[in-house]
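Now for the letters of each chain:
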Amino acid sequence: MLAGLYVVALAAAVPRGAGGHGRGGNWSSEEARRFWGPTRTADTADNEDGADGAASGARRVSGSARHFDGVPSVGVLFYAGEDMKDHHCTASVVHSPKGNLIVTAGHCGFGEGASFVPDYQQGAGSQPYGVWTVDRAFADPRRDDYGDGSDLDFAFATVRPDGRGRQIERVTGANRLVRTPGFVNLVSVIGYPSADSDPADQAVRCTALTARLEGHNQLKMRCDGFFSGTSGSPWLVHFSEKTRTGDLVGVLGGLNGGGPDGEDADRVSYSPVNDDEIFRLYLDAINGREPRR
């Protein structure tokens, strides 16, 4: 694996306002937690692996992707008021001075009543690391699905403290945002396919070698199992099984929303390169500034 440069400073709708936008009202993390409730959780799916599969915590999807129990810093985005089984994107906690920041793909809308559920467990009466209310989102206003704008398909959001006043990073830990060291990297990618695409409704993980997406400032990888819902999945190097965190060199997104059309749509995935532009947006997010480009 190639080393990353550590920096401390830093299939959904386009974020409304396509920039730093706060949501109105008084939706709190406690309200999100109450809203979740046992009656809002999805039905528990059958475990096709039986007891052995549950003990191993992993099951192959296809290729080198497999189901596993997940990690605290990676989870799903939900809209409150909709079927809470219908998570639409993946996001992850990234280190920040206040400890309240998550990162995802720019095309993943947050909208009203958005919540982040780290280490989401399908069918659980309560989630292991809680439900966190999205407060404000930050996306580059030049982002689009095609052309050079697809190189800017990343977004940050702040989340509100929990009922005990803790910031999310204190509870889940965080990955470190770093510059992408090159186009060839050995990455661990963690995501949550939508329940419609993958009835197991469980995290998947893949280790893959990246290459350059020709004509774009983006990475690509080949790994089956990254269906709809995995947009925003973190691409990590130096992943530690002990801390269950790593250095984030990309997020699943980019050209065409993060992959090709056709038969390779769920086999090949893209990620924008972490360059100066993502760190400009990171600084906007940690300082609460409207992104202006």
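The structure displayed is predicted, hence computed values, not measured ones.

Description of the sheet that holds strand E18 (residues 268–272)
One open sheet holds the 3 strands; their spatial order is E14-E15-E18, and the pairing between them is antiparallel. Both edges of this open sheet fall to strand E14 (211–212) and E18, since each of them pairs with a single strand only.

Quick word on the pairing of strand E7 (residues 101–104)
Of the two faces of E7, both are covered, the one formed by Leu101 and Val103 as well as the one formed by Ile102 and Thr104. Inspection of the sheet shows strand E6 (residues 89–93) paired to E7 by 2 bridges, in the antiparallel sense. Looking at E7, one finds that Val93 is bridged to Ile102. Where E7 and strand E10 (residues 155–159) come together, 4 bridges link them in antiparallel fashion. When the bridges of E10 are listed, Leu101 appears paired with Thr158.

Notes on a nonpolar patch on the surface
Taken together, the side chains of Val184, Leu186 and Leu209 make up a nonpolar region of the molecular surface, amounting to roughly 270 Å² of accessible area. Structurally, Leu209 is set in strand E13 (residues 204–209). Leu209 gets classed as exposed once you look at its relative accessible area, which sits at 56%.

As for the nonpolar core
Counting 29 residues, the largest nonpolar core has Leu101, Phe156, Leu177 and Ile190 as the members making the most contacts within it. Listed by contribution, the elements that provide at least two residues to this core are strand E5 (74–79), E7, strand E16 (234–240), strand E17 (245–251) and helix H4 (276–287). In terms of residues, this core owes the most to one element, H4, which gives 6 residues. Membership of the second largest hydrophobic core comes to 20 residues, among which are Ile102, Trp132, Ile168 and Ala174.

Concerning the pattern of salt bridges
Two side chains carrying opposite charge are able to pair once their charged atoms lie near each other. All told, the structure shown has 16 salt bridges when counted by the stated rule. Note that Arg205 and Glu241 form a salt bridge whose closest N and O atoms lie 2.5 Å from each other. Note that Arg205 is positioned in strand E13 and Glu241 in the loop between E16 and E17, a separation of 36 residues in sequence. Given a relative accessible area of 54%, Glu241 falls into the exposed group.

Here's the deal with the packing of aromatic side chains
Inspection of every chain in the model, using the stated rule, returns 3 aromatic pairs. Centroid distance Phe78 to Tyr120: 5.6 Å. Interplanar angle 70 degrees. Geometry classified as edge-to-face. Of the two residues, Phe78 is situated in strand E5 and Tyr120 in the loop between strand E8 (114–118) and strand E9 (132–139); the sequence distance between them amounts to 42 residues. Neither residue differs from the other here; Phe78 and Tyr120 are each classed as buried. Site record: aromatic cluster; members linked through ring pairs are Phe78, Tyr120 and Tyr192.

The rules we used
Residues numbered from 1 in each chain as written. Predicted model: local features only at pLDDT ≥ 70, side-chain atom pairs only at ≥ 80, totals over all residues. Heavy atoms only, no water. Pairing = 2+ DSSP bridges. Helix = DSSP H or I, 4+ residues; strand = E, 2+ residues; numbered from the N terminus. Buried < 20%, exposed > 50% of the residue type's maximum accessible area, 1.4 Å probe, protein only. Patch = residues over 30% accessible without salt bridge, like charges linked within 9 Å, V, L, I, M, F, W, Y side chains within 5 Å. Areas by Shrake-Rupley, 256 points an atom, 1.4 Å probe, with all protein chains shown as cover. Salt bridge = Lys/Arg side-chain N within 4 Å of Asp/Glu carboxyl O. Core = buried A, V, L, I, M, F, W, Y, C linked by side-chain atoms within 4.5 Å. Phe/Tyr/Trp six-rings, centres within 6.5 Å; stacked < 30°, edge-to-face > 60°.

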